[in-house]
Structures are given as structure tokens and as C-alpha cells.
Amino acid sequence: MGSLRILVGCKRVIDYAVRIRVKPDKKGVITDGIKHSLNPFDEIAVEEAVRLKEKKLAADICAVSIGPQACQETLRTALAMGADRAIHVEVDDKTYQTLQPIHVSKILAKLAADEKIDLVIVGKQAIDDDSNSTAQMTAAFLGWPQATNASKVEPDGAGSVTVTREVDGGLETIKCKTPAVVSADLRLNEPRYATLPNIMKAKKKAIDKKKPSDLGVDVSPRIEILSVEEPPKRESGAKVESVDDLLTKLKGLGRI
Amino acid sequence: MSSQKYQVLNLYKTLLYMGREYPLGYPYFRDRCHKAFARNRTETDVQTIDQMIKRGEFVVKEIEALYRLKKYRTLRKRYYKHELEPDTDSTA
């Protein structure tokens, strides 16, 4: 019988299936009118939190998203999947461009402390920046143990959690005391689809609005984006008819 | 016990909602979904309609599975390529 209070990070990212296009000014990618959704790894984090609640190991799930107004859509998805409440930390579009894991983790750490959280679960990385640092930094700011790249999370209901981690060359199982920070890997679970009735019900759940300044976090930029460019186009290959043909061509290119 | 009309409308709404993410595009999905429902609009037998509703609910589950699998496979290819090609040298 557990009463874990869970905080889940929900980042709004460009949908995984969209073909990204770089902006003409090369300062970023085109986001206007592009489909956005909940970061897939965060989706897995939300799903894990909901499953823990269904197993009666968690009592309360709070979803958090940091960014412009549109983040509320992302929070609605988390609420539709089963989160109890949500917090939207609002930053304007310009600030959002240079918002980094260091800012995010400070915010999450403050919220975790304020909301008396026992377990922070986030996706291991966002599919847009692929930083893979927020969980780690958040744990460091809180001074809590961290269990990253989790493929299994098993709280014992008595102040500890056993986490199986996906590491190079296999799996590692660790046990840490709560409160702790966990980051979700792909194989942790398969997230449920947020059905229409649940989306409708989610509209009634509360989304609390806060500003970084309310939490005492400075979100001024620490980086400057110099340029964003597409990777070089792959050159098309040529087909050969036989091994002799291949050897001839390779000789011609001076490769052999 | 909700009326069949209510069930059918609900099913249609659910399918359209899911169709927004259909790989071949929403217009394609919406068009076919509409035609499939319109084709049976004159059906009156309660049992047959019940079966059709069940079929529709099955399709909903199939679409859900399609999306889930597509997402999983795409992410796995993107982030876990070394697992899919065990013989190649990975520079993860």
C-alpha cells in the first residue's frame, strides 16, 4: 500500500512523424502550423505513473509542462491518460527558444520540493533536442538518487524503488530510496491511447498556472543559437550489374 | 442501455478523432470512413447493426495498435539502431 506523489514532466515537441524543415533564417526549425504532441518518452513516463496509481502504489499524479500557452494541449493529453492535475509553467515564445535542461530541471526541482513529491518521472530525452540531461540535473538539484533509462520501475511501498535500467551491453538493476528521479526508456511500457471521452473528461481537471519567477528560477538565455542547418544531402548511389563492373567502378574512383 | 443510434454516432466520432493521425492523411480516412457508414445507412435489423458496431469497435482497436506499433518501430529505428543491426559497428 503506497502513497507516492508523482511529478511527471511533459514536453511539447514537434510530432515524431513530421518531416522537419529548417527555417529560411537558419535560426531554428519551422514550428508554425506544424503538428506538435507530447514527447514520446514523456508519454511513457505518464503511462508509468498512471499504472503505478492503478496498482495503488501512487496516490497523486501531477503533470508539468514548461512553455508557451500551447503546452496546455500537451497537459490535456497527460490528464486524459490519467494524471490527476497539471501545472503549466508559462514562458513566452522568445524565452522558450533558449530554454535549456538546466532551466527545466531547476523548475522541476522546485516544484518537486513544493508539491512534496516522492517520485519524479520524466522521459529520458526529448526527441527535439535529445539532451538526455533533465532527469540527471533535476536529481542533482534535489540531492535525490537518480535511476535513468528505466525499463522497469518497482516501488516497494516502503520507501524504496527498484529500477531496471537499460545500459550498454544489457540491464542493470538498482534499488534506491525515495524520493527519487526516474527517466523512462522506450521499453518501460506501451502508453495508452488518449480516447475522446477521456479527453473530454480531462477538460474538467485543473491546470494550475505558474511563472518561473514564482518559483525563483531565472530563465534568461545562457546560450545563443548561431545557426541551424540540415544535414548534408546524401548523394545518390549507382547500381552495378556484376562484380567485375563493381571492381571497374571502384578502380575508376581510385578507391582500390 | 444506450440506443443504437447513439452507439453508431459515438463510433463514427471516435473513428474520425483517431483518423486525424492516419498515415495516409485525414481526408483519405474521413472519406472512407464516411462511405463505410453511408453504405449501411438503410440497415434496420438490430442484430446486424449490433454486429456492425462490434466490427467498428474492432477497427478502433486495430487502428490504436497500428499507431502504437508505428510509433514504437520509428523510435526504435531512430534511437536503438544498434539493436536492429547487431553486426554493424555502432557509433551510438
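What this report covers is the structure whose coordinates are included nearby. These figures come from a predicted structure and were not determined experimentally.

## As for the overall build of chain A
- A count of helical and extended segments in chain A gives 7 helices and 11 strands.
- Considering only C-alpha atoms, chain A reaches an extent of 70 × 40 × 40 Å along its principal axes.
- By sequence separation, contacts in chain A at least 24 residues apart represent 71% of the contacts at least 6 residues apart.
- Here chain A displays about 13,600 Å² of accessible surface, and carbon together with sulfur accounts for 52% of that area.

## Remarks on the pattern of salt bridges
Residue and element names in this part refer to chain A.
- Counted by the stated rule, this structure contains 21 salt bridges over all chains.
- In this structure, the salt-bridge partner of Asp-185 is Lys-124, at a minimum N-O distance of 3.6 Å. Within this pair, whereas Asp-185 is found in the loop between strand S10 (180-184) and helix H6 (196-202), its partner Lys-124 is found in the loop between strand S6 (119-123) and helix H5 (134-142), the two being separated by 61 residues in sequence. Across the pair, exposure class does not vary: Asp-185 and Lys-124 are buried alike.

## Quick look at the packing of aromatic side chains
- On inspection of all chains with the given rule, the structure shows 5 aromatic pairs over all chains.
- With centroids separated by 5.4 Å and ring planes inclined at 75°, the aromatic side chains of Phe-41 of chain A and Tyr-79 of chain B adopt a geometry described as edge-to-face. Here Phe-41 of chain A is found in helix H1 (residues 40-54), whereas its partner Tyr-79 of chain B is found in helix H3 (residues 46-79) on a different chain. Of the two residues, Phe-41 of chain A and Tyr-79 of chain B, both sit in the buried class.
- Centroid distance Tyr-193 of chain A to Tyr-67 of chain B: 6.0 Å. Interplanar angle 35°. Geometry classified as tilted. Pair noted here: Tyr-193 of chain A is in the loop between S10 and H6 and Tyr-67 of chain B is in helix H3, and the two residues belong to different chains. Of the two residues, Tyr-193 of chain A and Tyr-67 of chain B, both sit in the buried class.
- For Arg-187 of chain A, the ring lying beneath its charged end belongs to Tyr-80 of chain B, and the centroid distance is 4.6 Å.
- We note Arg-32 of chain B situated over the ring of Tyr-28 of chain B; from NZ or CZ to the ring centre the distance is 3.8 Å.

## Concerning H1 of chain A
Residues and elements named next belong to chain A.
- Between its first and last C-alpha atoms H1 spans 21 Å; for 15 residues at 1.5 Å apiece the expected length is 21 Å, and the two agree.
- The element H1 is extensively covered by neighbouring structure, given that 12 of its 15 residues are classed as buried.
- Looking one or two places after H1, you find Lys-56, whose phi comes out positive at around 65°.

## A short note on the packing of helix H4 (residues 101-114) of chain A against H5 of chain A
All names here are of chain A.
- Where H4 meets H5, the closest approach of the two axes is 8 Å, and the angle between their N-to-C directions is 50°. Classified by the angle between their axes, H4 and H5 sit oblique to one another. Here H4 and H5 pass one another in a crossing that is right-handed. Each of Pro-101, Ile-102, Val-104, Ser-105, Lys-106, Leu-108, Ala-109, Ala-112 and Ala-113 in H4 lies in contact with H5, whose residues at this interface are Thr-134, Met-137, Thr-138, Phe-141 and Leu-142.
- In terms of residue class, the contact of H4 with H5 is made up of 10 nonpolar, 3 polar and 1 charged.

## A few points about the layout of surface pockets
- Taken as a whole, the second largest pocket encloses approximately 1,100 Å³ of empty space.
- What lines the second largest pocket is a set of 42 residues, and nearest its centre among them are Asp-15, Lys-35 and Ser-37 of chain A together with Glu-21 and Lys-71 of chain B.
- At the level of elements, strand S3 (36-38), H1 and helix H2 (71-81) of chain A together with H3 of chain B are the ones that each hand at least two residues to the lining of the second largest pocket.
- Top element by residues in the lining of the second largest pocket is H3 of chain B. It accounts for 7 residues.
- When its residues are assigned to classes, the lining of the second largest pocket shows 19 nonpolar, 6 polar and 17 charged.

## Here's the deal with the packing of helix H1 (residues 4-19) of chain B against H3 of chain B
Residue and element names in this part refer to chain B.
- H3 packs onto H1 with a crossing angle of 20° between their chain directions and a minimal axis gap of 10 Å. It follows that H1 is roughly parallel to H3 by the angle criterion. With respect to the hand of their crossing, H1 and H3 are arranged in left-handed fashion. On H3, the residues touching Gln-4, Gln-7, Val-8, Leu-11, Thr-14, Leu-15, Met-18 and Gly-19 of H1 are Val-46, Ile-49, Asp-50, Ile-53, Gly-56, Glu-57, Val-59, Val-60, Ile-63, Glu-64 and Tyr-67.

## Some words on the nonpolar core
All names here are of chain A.
- With 60 residues, the main nonpolar core has Ile-6, Val-8, Val-46, Leu-119, Ile-121 and Val-182 as its most contacted residues.
- The greatest single-element share of this core, amounting to 7 residues, is contributed by H1.
- In this structure Val-46 touches Val-8, Cys-10, Leu-38, Ala-78 and Met-81, once residues within four positions along its chain are discounted.
- Counting residues in hydrophobic clusters, the runner-up holds 25 residues, among them Val-64, Ile-66, Leu-142 and Val-219.

## Describing the interface of chain B and chain A
- Across the contact, 17 residues belong to chain B and 23 residues belong to chain A.
- Between chain B and chain A, roughly 1,900 Å² of surface is buried when both sides are summed, and carbon and sulfur atoms account for 57% of that area.
- By the criterion of area lost to chain A, the three top residues of chain B are Tyr-17, Tyr-79 and Tyr-80 of chain B, representing 34% of everything that side buries.
- Remark: the boundary between chain B and chain A carries 3 salt bridges.
- Residues Lys-71 of chain B and Glu-43 of chain A are paired through a salt bridge, measuring 2.6 Å at the closest nitrogen-oxygen approach.
- For the interface between chain B and chain A, the tally reads 9 residue pairs in polar contact (both at pLDDT 80 or more).
- Elements supplying a minimum of two residues to the side of chain B that touches chain A: H1 and H3 of chain B.

Parameters and conventions
Residues numbered from 1 in each chain as written. Chains lettered and ligands numbered in written order. Predicted model: local features only at pLDDT ≥ 70, side-chain atom pairs only at ≥ 80, totals over all residues. Heavy atoms only, no water. Helix = DSSP H or I, 4+ residues; strand = E, 2+ residues; numbered from the N terminus. Contact = heavy atoms within 4.5 Å. Areas by Shrake-Rupley, 256 points an atom, 1.4 Å probe, with all protein chains shown as cover. Salt bridge = Lys/Arg side-chain N within 4 Å of Asp/Glu carboxyl O. Buried < 20%, exposed > 50% of the residue type's maximum accessible area, 1.4 Å probe, protein only. Phe/Tyr/Trp six-rings, centres within 6.5 Å; stacked < 30°, edge-to-face > 60°. Lys NZ or Arg CZ within 6 Å of the ring centre and 35° of its normal. Expected span 1.5 Å × (residues − 1). Axes fitted to C-alpha atoms, helices over the stretch in contact; angles between N-to-C directions. Parallel < 35°, antiparallel > 145°, perpendicular 65-115°, else oblique. Left-handed = near helix turned anticlockwise from the far one by under 90°. Nonpolar A, V, L, I, M, F, W, Y, C, P; charged D, E, K, R; others polar. 1 Å grid on protein atoms, 1.4 Å probe; cavity = no way out; pocket = protein on both sides within 12 Å on 5 of 7 lines; lining within 4 Å. Points joined across faces, edges and corners; volume = space filled by probe spheres on them. Core = buried A, V, L, I, M, F, W, Y, C linked by side-chain atoms within 4.5 Å. Buried area = accessible area lost by both parts, 1.4 Å probe. Polar contact = N/O pair within 3.5 Å; in protein donor to acceptor, adjacent residues only side chain to side chain.

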